Amino acid sequence: MTGRERVQACLKFASPDRPPRDVWALPYITLFRRNELDALVKKYPMDIGASQISPGWNERAVNATRRAGSYTDEWGSVWNIGEPGVIGEVKGPVLEDISALDTFQPPWRLIRERDLSHVNRTCDASSRFMLSDVTARPFERLQFLRGTENTYIDIAYGSREFRRLLKMIHEFYLEDIRSWCRSHVDGIFFMDDWGMSDSLLINPDTWRQIFKPLYKEYCDIIHAAGKFAFFHTDGHTEAIFGDFIEVGIDAVNSQLFTMNVEDLARRYKGKITFWGEIDRQHILPFGFPADVQKAVRRIRSLLDDGTGGVIAQCEWGKDNPGENIEEVFRAWL
């Protein structure tokens, strides 16, 4: 099987020849440990590829984190990079004063001036399953624009300005997703980090009322275009895991080891593809290869029955030993 065929079989529960492989190398690894990354993917070729709007597009994004300092994003918010190779955080949200919303507009040119011809050529030439760039992230975008504290207050009060801003963000992402759906990618990638270490960040009912309908609309557009919906979320999201299935998400990347994996497998195996992962808070940075092997065996015993529905994925962060990352993929064989 090619990577594309393998991932499609996995998503359709059509018995791929093995679980597809996918490694998420964070900027520090790409910038400062590139030789290790290249050696890993040579030994264990990955089945999922990332699209680039133009040659070097992803590298330019990574290079924004090469040095500590600050930069202004395309929406007008100021980010601070605290250490090289580590994604920073917003310190100057452009809409901290909500009155600025009266003259604010999303960066529509990012979509309307986008040329996807390079993406299409890359997809056509690749045997891997190709994902779009990150598209919708409405909850995170609210925080980037308003600041985290203001965002939670906005959600609690549900003010007219909050509803207006969320509508603006959602309309931007609808157009973004429609644009990517006209390309040759196989899957559309969207995300929002929704969990703390032991619970959801907001009341699940509030999430269902405000955000669930947005994700449903994204998935409907994606599926109407014949694409697959890939979603990432960090933290403990067990309370809304079933909702991910209801809105139509095909593959979810979540922090399984913050939750009751056995219960998740019992309730949702065969209904959604588990897009990884292996514990990146404890095992990958602080464990040994034997610990990694045990973690992979746990996931495989719960989810890998040969029919599909699980992707051998992990995130490679700054402090993760290379031997632990290699052991993830060795243990999946």
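Residues numbered from 1 in each chain as written. Predicted model: local features only at pLDDT ≥ 70, side-chain atom pairs only at ≥ 80, totals over all residues. Heavy atoms only, no water.

Draft legend 1. Main features of the overall build of the protein. Per the secondary structure count, the protein includes 16 helices and 11 strands. Computed over its C-alpha atoms, the radius of gyration of the protein comes to 20 Å, within 12% of the 20 Å expected for a compact globule of 333 residues. With the C-alpha coordinates aligned to their principal axes, the bounding extent of the protein is approximately 55 × 40 × 40 Å. Taken over 333 residues, the protein has a buried fraction of 55%. Here the protein has roughly 14900 Å² of accessible surface; of this, 49% comes from carbon and sulfur atoms. (Helix = DSSP H or I, 4+ residues; strand = E, 2+ residues; numbered from the N terminus. Rg over C-alpha atoms; globule rule 2.2 N^0.38 Å. Buried < 20%, exposed > 50% of the residue type's maximum accessible area, 1.4 Å probe, protein only. Areas by Shrake-Rupley, 256 points an atom, 1.4 Å probe, with all protein chains shown as cover.)

Draft legend 2. Main features of the pairing of strand E8 (residues 228–232). For E8, the tally of buried residues reaches 5 of 5 residues, placing the bulk of the element in the interior. The alternating pattern of E8 places Phe228, Phe230 and His232 and Ala229 and Phe231 on opposite faces, both of which are buried. Across 5 bridges, strand E7 (residues 187–191) lies against E8 in parallel orientation. Following the sheet pairing, Gly187 is matched in E8 by Phe228. In this sheet, strand E9 (residues 251–253) lies alongside E8 in parallel orientation, the contact comprising 3 bridges. What sits directly across from His232, in E9, is Asn253. (Pairing = 2+ DSSP bridges.)

Draft legend 3. Local environment of the pairing of strand E6 (residues 129–134). Bridge count for strand E2 (residues 48–50) against E6 is 3 bridges, and the pairing is parallel. Residue pairing in the sheet places Ile48 in a bridge with Phe129 of E6.

Draft legend 4. Layout of the pattern of salt bridges. Tallied over the full model, the rule gives 32 salt bridges. Among the ionic pairs, Asp102 bridges to Arg164, the shortest N-O distance being 3.2 Å. With Asp102 in the loop between strand E5 (89–92) and helix H5 (109–112) and Arg164 in helix H9 (residues 160–181), this residue pair connects regions lying 62 residues apart in the sequence. On the accessibility criterion, Asp102 (59% relative accessible area) is exposed. As a salt-bridge pair, Lys318 and Asp319 come within 3.5 Å of each other at their nearest N and O atoms. Judged by relative accessible area, which is 30%, Lys318 ranks as partly exposed. (Salt bridge = Lys/Arg side-chain N within 4 Å of Asp/Glu carboxyl O.)

Draft legend 5. Summary view of the packing of helix H7 (residues 138–146) against helix H8 (residues 148–157). The contact between H7 and H8 brings their axes to 7 Å, and the two run at 120°. When the axes of H7 and H8 are compared, the pair comes out oblique. Where H7 crosses over H8, the handedness of that crossing is right-handed. For the pair H7 and H8, the contacting residues are Phe139, Leu142, Gln143 and Arg146 in the first and Thr148, Asn150, Thr151, Tyr152, Asp154 and Ile155 in the second. (Axes fitted to C-alpha atoms, helices over the stretch in contact; angles between N-to-C directions. Parallel < 35°, antiparallel > 145°, perpendicular 65-115°, else oblique. Left-handed = near helix turned anticlockwise from the far one by under 90°. Contact = heavy atoms within 4.5 Å.)

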